[in-house]
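Below, each chain spelled out in residue letters.
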Amino acid sequence: MKIHVLFLMTVVGLLSLTSQAQRGVRIGYIDTEYILEHIPEYQDATTQLSDKVQRWKADIDIKLKDVNQKRKDLSNEKALLTSELYEERKEDIDFEEKEILDQQQKRFGPNGDLMIQKKQLIQPIQDQIFSAVQDIAANKQYDFIFDKSADLVMLYSEKRYDISELVLRTINRTSKRQQAQTKDERRAAANEDIVPDYNPELEAREKAQADKLLEREALEEQRRQDILDERAKNKQEAIDRRQKILDDREAAKQEKLDARNKGVENSENNDKLAPSDDATENSNATAPTEYDLEEKSEVKTETKSKEEIAEERKQQKIRDREAREQELEARKQRILEERAKAKLEREALENNN
């Protein structure tokens, strides 16, 4: 097997080296199993053979069950029979079982009826496939055509080299010719162009079109990826802006807390330095001191600062929401423009083709 594959690879390599100055080596392959599955005559014959095999199996199973039952009855009656009679009946049962096993081997053995009828069933189809492959190879100038279902191991096979459909259509056309009864049917079958002549220019043009299609798909995929990258970038920028706003708010809040704590410390120091005589205490009890006025002013300022902070937060939320809406609208407009541009490019490419 390995020597066979190595020989084929060597031949292909030599031919490809010697024919570079003229033309490339044309290689194709077929899938015999796929072709057989799509030939109605073969499927009908396979169904009939399967039904026949089921009848054979059922008949043999019934006979084997009958023999097993006889052997069981003989075992139960062994005490009532003489040894000569027991041995005689046992020999009859053994002989009957041997005949059934011989019949099973005749039906399902390596050279049995099943294998023979399978060969008879598939041989005409194989001949048709071989004839169709010969015609296709001659018309389309193939150098090698392999069978994917055979012993040759194909680790990878490009779909465009598969000519199974071409072989199948050739076989169907031949079948139509043989079954045609009127002149019109025979003429239609004869004029059906199933195996066209090999046209290098047409093949090159088809290959160029396929390459253009692949290039267009690659461009569309790249454009789609660029759009996704742009969306991810805009999303990350929005997250960074939001985080910066939160950090700024936290810093401003911390500054106000530090300033408030500093004011409390100053007031405590002033209390320690204040006079402690009775006249001053009475005066402080009856009239507000300068420190009391400053403390009230600080409380008022603190209350006002909280309100201003709340208002600033509210205004900042409104500005953030408006900024997000503007950003979403701009992104939507940009996507629509890119889609329109891609559509125009696609139409231009189609018109050029």
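The written sequence of each chain sets the order in which its residues are numbered from 1. Only residues with pLDDT of at least 70 get local features here, since the model is predicted, and only at 80 or more are side-chain atom pairs given and counted; chain-wide, interface and lining totals rely on the full set of residues. Note: side-chain values were computed over all heavy atoms of the structure, leaving out hydrogens and water.

- Per an unreviewed UniProt entry, the protein chain carries the name OmpH family outer membrane protein and comes from Formosa undariae.
- Taken verbatim from the UniProt record of the protein chain, the Sequence similarities (unreviewed entry) comment is "Belongs to the Skp family." UniProt positions are given in the numbering used here, feature names are shortened, and annotations may be inferred rather than shown by experiment.

**Some details on the pairing of strand β2 (residues 144-147)**
Working step 1: Residue alternation in β2 divides its side chains into a buried set, Phe144 and Phe146, and an unburied set, Ile145 and Asp147.
Working step 2: Pairing of strand β1 (residues 27-30) with β2, which is carried by four bridges, proceeds in the parallel orientation. Within β2, the position partnered with glycine 28 by the bridge is isoleucine 145. Only protein chains enter the accessibility calculation, which uses a 1.4 Å probe; a residue whose area is less than 20% of its type maximum is buried, one above 50% is exposed, and one in between is partly exposed. Secondary structure elements follow DSSP: runs of H or I of four or more residues count as helices, runs of E of two or more count as strands, with numbering from the N terminus. Note on pairing: two strands pair once DSSP finds at least 2 bridges between them.

**So, empty space enclosed by the protein**
Where empty space is left in the structure can be found by rolling a water-sized probe over the atoms.
Working step 1: Here a cavity denotes grid points, spaced 1 Å and computed from the protein atoms alone, that fit a 1.4 Å probe unable to get out, and a pocket denotes an open set having protein on both sides within 12 Å along at least 5 of 7 lines; residues with an atom within 4 Å of a point are the lining. Grid points are joined across faces, edges and corners, and a volume is the space filled by probe spheres set on the points. Overall, the coordinates contain one cavity of 30 Å³ or more when judged by the stated rule.
Working step 2: Counted as a void, the largest cavity has a volume near 40 Å³.
Working step 3: Lining the largest cavity are Ile227, Glu230, Arg231, Asn234, Arg331, Arg334, Ile335 and Glu338.
Working step 4: Under this grouping Gly is polar, as are all residues other than the nonpolar Ala, Val, Leu, Ile, Met, Phe, Trp, Tyr, Cys and Pro and the charged Asp, Glu, Lys and Arg. Tallied by class, residues from the lining of the largest cavity come to two nonpolar, one polar and five charged.

**Looking at the nonpolar core**
Working step 1: To qualify as a nonpolar core, a set must consist of buried Ala, Val, Leu, Ile, Met, Phe, Trp, Tyr and Cys residues joined through side-chain atoms within 4.5 Å. Ile30, Ile35, Ile39, Ile129, Ile163, Val167 and Ile171 are the most contacted members of the largest nonpolar core, which totals 22 residues.
Working step 2: Looking at this core, the elements with two or more residues in it are α2 (32-37), α3 (40-76), α5 (113-140) and α6 (164-179).
Working step 3: For this core, the element with the highest residue contribution is α5, accounting for eight residues.
Working step 4: Filtering out sequence-adjacent residues up to four positions away, isoleucine 171 remains in contact with Ile35, Ile39, Gln128, Ile129 and Ala132.
Working step 5: If you look at the next biggest cluster of nonpolar residues, it comprises seven residues, including Ile60, Val67, Leu74 and Tyr86. Should any heavy atoms of two residues lie within 4.5 Å, those residues are considered in contact.

**What to know about the packing of α3 against helix α4 (residues 83-108)**
Working step 1: Orientation of α3 relative to α4, taken along the N-to-C sense of each, is 165°, at an axis distance of 10 Å. In terms of orientation, α3 and α4 fall into the roughly antiparallel class. α4 is crossed by α3, and the crossing has left-handed handedness. Residues Val53, Trp56, Lys57, Asp59, Ile60, Lys63, Leu64, Asp66, Val67, Lys70, Arg71 and Leu74 of α3 form the contact with α4, whose participating residues are Tyr86, Arg89, Lys90, Ile93, Asp94, Glu96, Glu97, Ile100, Gln103, Gln104, Arg107 and Phe108.
Working step 2: Within the contact of α3 with α4, the residues separate by chemical class into 10 nonpolar, two polar and 12 charged. An axis is simply a line fitted to the C-alpha atoms; with a helix, the fit covers only the stretch in contact. Between two such axes, the angle follows the N-to-C directions and lies from 0 to 180 degrees. Should an angle lie under 35 degrees it is considered roughly parallel, over 145 roughly antiparallel, and from 65 to 115 roughly perpendicular; all remaining angles are considered oblique. Helix crossings are classified by the rotation of the near helix relative to the far one: an anticlockwise turn of less than a right angle makes the crossing left-handed, while a clockwise turn makes it right-handed.

**Re a positive patch on the surface**
Working step 1: Candidate patch residues must exceed 30% relative accessible area and have no salt bridge, after which like charges are joined if within 9 Å and Val, Leu, Ile, Met, Phe, Trp or Tyr side chains if within 5 Å. Only the protein chains shown count as cover for residues, and the accessible areas themselves come from Shrake-Rupley with a 1.4 Å probe. Only one rule defines a salt bridge in this text: a Lys or Arg side-chain nitrogen within 4 Å of an Asp or Glu carboxyl oxygen. We count Lys and Arg on the positive side and Asp and Glu on the negative side, and we leave His and both chain ends out. All charge positions are set by atom: Lys at NZ, Arg at CZ, Asp at CG, Glu at CD. Taken together, the side chains of Arg242, Lys253, Lys256, Arg313, Lys317, Arg321 and Arg324 present a region of like positive charge at the surface.
Working step 2: Breaking the positive patch down by element, the ones donating at least two residues are α8 (200-273) and α10 (290-352).
Working step 3: Tallying contributions element by element places α10 first for the positive patch, with four residues.
Working step 4: Under the relative-accessibility criterion, lysine 256 is labelled partly exposed at 33%.

**A short note on the side chain of aspartate 320**
Working step 1: With respect to the secondary-structure elements, aspartate 320 resides in helix α10.
Working step 2: Aspartate 320 sits in the buried class, given a relative accessible area of 18%.
Working step 3: Discounting residues that sit within four places of it in the chain, aspartate 320 has contacts with Ile245 and Arg249.

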